[in-house]
Amino acid sequence: MVTFEVWTTGGGYYLQDIFNFLAMFTSGSAWMDFLTVGIIIGGFYTVIRIAVTGSMDGIFAYLVMMAVVGGLSVGPKARVMVMDSTYPLEIYGAVDNVPYSVAFMASLTSRTSYHLTRRMEALLSTPDNLVYQEHGMLFGASLMSQAARWRAVTPTIHEKMVNFMENCVIDA
């Protein structure tokens, strides 16, 4: 079974619940019933379209779509490793029997965004502040509380800061 990693920063339990739901739903008989109903409805639509237009153009596209969707959702399954960077050791959990197409797309998009975010944090932060986890999720709140306690060093700086806040920050 192929293993894919899905990266997140917090909320690993939500992702694990979603992948568990998908694994259980697509492994049960209800999923096959949905696919059967979908194939029947698609077949009726194609027959009606051919009867109305008199053209066989739609049948090939329908068969290809049915083969791709059916093959990727029913056939291959994969294991998903939920990697949460806020969790110790970064491995939150593993889920088996997730449809391959869902696992592949989730892994591709989450790995891309995770690595881009890590690269941007490295490039846009000061050298002593490379890791987000050092400050936690309430880093912005702590900055706001520190800003409320800020005092100017000189009367000139105080006057300029008050003018800046009145003219530029506070929408009058």
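Above this text sits the structure in question.
Before going into details, it helps to say that this report is about the structure given with it.

Criteria and thresholds
- Residues numbered from 1 in each chain as written.
- Predicted model: local features only at pLDDT ≥ 70, side-chain atom pairs only at ≥ 80, totals over all residues.
- Heavy atoms only, no water.
- Phe/Tyr/Trp six-rings, centres within 6.5 Å; stacked < 30°, edge-to-face > 60°.
- Helix = DSSP H or I, 4+ residues; strand = E, 2+ residues; numbered from the N terminus.
- Buried < 20%, exposed > 50% of the residue type's maximum accessible area, 1.4 Å probe, protein only.
- Pairing = 2+ DSSP bridges.
- Axes fitted to C-alpha atoms, helices over the stretch in contact; angles between N-to-C directions.
- Contact = heavy atoms within 4.5 Å.

A word on the packing of aromatic side chains
The way to describe two aromatic rings as a pair is by their centre distance and the angle between their planes.
Part 1: Under the criterion given, the structure shown has nine aromatic pairs.
Part 2: The interplanar angle of 70 degrees and the centroid separation of 5.3 Å between the aromatic rings of Phe4 and Tyr100 together place this pair among those described as edge-to-face. With Phe4 in strand 1 (residues 2-8) and Tyr100 in helix 4 (residues 100-124), the pair connects residues that are 96 residues apart, well separated along the chain.
Part 3: What makes Tyr100 partly exposed here is its relative accessible area of 29%.
Part 4: Judged by centre distance (4.4 Å) and plane angle (15 degrees), the ring pair of Trp7 and Tyr114 falls under stacked. Taken together, the positions of Trp7 in strand 1 and Tyr114 in helix 4 put the pair 107 residues apart, joining distant regions of the chain. For the pair shown, Trp7 and Tyr114 are each scored as buried.
Part 5: A connected cluster of aromatic rings, assembled from ring pairs, spans Phe21, Phe25, Trp31 and Phe34.

Digging into the sheet that holds strand 1
The pairing of strands in a sheet happens through backbone hydrogen bonds and is either parallel or antiparallel.
Part 1: What the three strands build is an open sheet, ordered 1-2-3; its pairing is mixed. Among the strands making up the open sheet, the edge pair consists of strand 1 and strand 3 (91-99). Here the average twist between neighbouring strands, direction ignored, is 25 degrees.
Part 2: Examined bridge by bridge, strand 1 and strand 2 (residues 77-84) share seven bridges and lie parallel to one another. The residue bridging Thr8 from the neighbouring strand is Asp84, located in strand 2.
Part 3: Sitting on the sheet, helix 4 is in contact with strand 1, strand 2 and strand 3, with an inclination near 40 degrees to strand 1.

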